[in-house]
Amino acid sequence: MYVSMKNMLADANANNYAIMAINCFNLETARTVIRAAEEENAPIIVNIYKDHLLSHCNSNIIAPIVKMLADNASVSVALNLDHGEEKDYIIKAIDDGFSSVMVDASRFNFENNIKMTKEIA
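What comes next concerns the included structure. Please read all numbers here as calculations on a predicted model, not as lab measurements. (Residues numbered from 1 in each chain as written. Predicted model: local features only at pLDDT ≥ 70, side-chain atom pairs only at ≥ 80, totals over all residues. Heavy atoms only, no water.)

The subject of this paragraph is the pattern of salt bridges. Applying the stated rule across the entire model yields 4 salt bridges. Between Asp51 and Lys50 there is a salt bridge, with the nearest N and O atoms lying 2.9 Å from each other. Among the residues examined, Asp51 registers a relative accessible area of 31% and is labelled partly exposed. Here Lys87 makes a salt bridge to Glu119, at a shortest N to O gap of 3.4 Å. (Salt bridge = Lys/Arg side-chain N within 4 Å of Asp/Glu carboxyl O. Buried < 20%, exposed > 50% of the residue type's maximum accessible area, 1.4 Å probe, protein only.)

See below:
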């Protein structure tokens, strides 16, 4: 089932277990990661690194595929944009259906880091 990382991580925290986040870059790696999670009966986070969106698959292609795989899975699956640095790509990932995004504004000073994160959140 396709879920929010917020609820997934809250349950892991409350019940003292970890959830793997595996970087994927195409349909085959996402499918394999979800199958492995099902074999272990464990929730999984499918991470898509921002550079992979640019070079391997656009968010409007991968998000619906991962959502379909997740809806057919026997475990909880979240889709996370990993290290999103450009505001437009982050917002596009959200609009395309990612259940989570990681805003990486580390290149800015502390105040501007917070500002960018707030603009997106």
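So, on to the environment of Ala10. The topology assignment puts Ala10 in helix H1 (residues 5-14). Note: C-alpha distance between Ala10 and Asn47 (37 residues apart in sequence) is 18 Å. (Helix = DSSP H or I, 4+ residues; strand = E, 2+ residues; numbered from the N terminus.)

On to the nonpolar core. Ranked by size, the top nonpolar core spans 26 residues in total, and within it Val46, Ile48, Val77 and Phe98 carry the most contacts. Elements supplying a minimum of two residues to this core: helix H2 (27-40), strand S2 (44-49), helix H4 (59-71), strand S3 (77-84), helix H5 (87-96) and helix H6 (110-120). With 5 residues, H4 is the largest single contributor of residues to this core. Discounting residues that sit within four places of it in the chain, Ile48 has contacts with Cys24, Leu53, Ile62, Leu79, Asn80, Leu81, Asp82 and Phe98. Ranked by size, the runner-up nonpolar core spans 7 residues in total, among them Met8, Ala12, Ile19 and Ala78. (Core = buried A, V, L, I, M, F, W, Y, C linked by side-chain atoms within 4.5 Å. Contact = heavy atoms within 4.5 Å.)

Strand pairs in the sheet, formed through backbone hydrogen bonds, run parallel or antiparallel to each other. One open sheet accounts for 4 strands, arranged S1-S2-S3-S4; its pairing is parallel. What marks the edges here is a single partner per strand, and that holds for strand S1 (20-24) and strand S4 (100-103). When the angles between neighbouring strand axes are averaged without regard to direction, this sheet yields 30°. When S3 meets S4, the two strands line up parallel, connected through 3 bridges. Each bridged residue has a counterpart across the sheet, and for Asn80 the counterpart in S4 is Ser100. Its contacts with the sheet place H2 against S1, S2 and S3, and it is angled at close to 160° to S2. Along the sheet, H4 makes contact with S2 and S3, crossing S3 at roughly 150°. (Pairing = 2+ DSSP bridges. Axes fitted to C-alpha atoms, helices over the stretch in contact; angles between N-to-C directions.)

Fair warning: the whole summary comes from geometry, so function is off the table for now.
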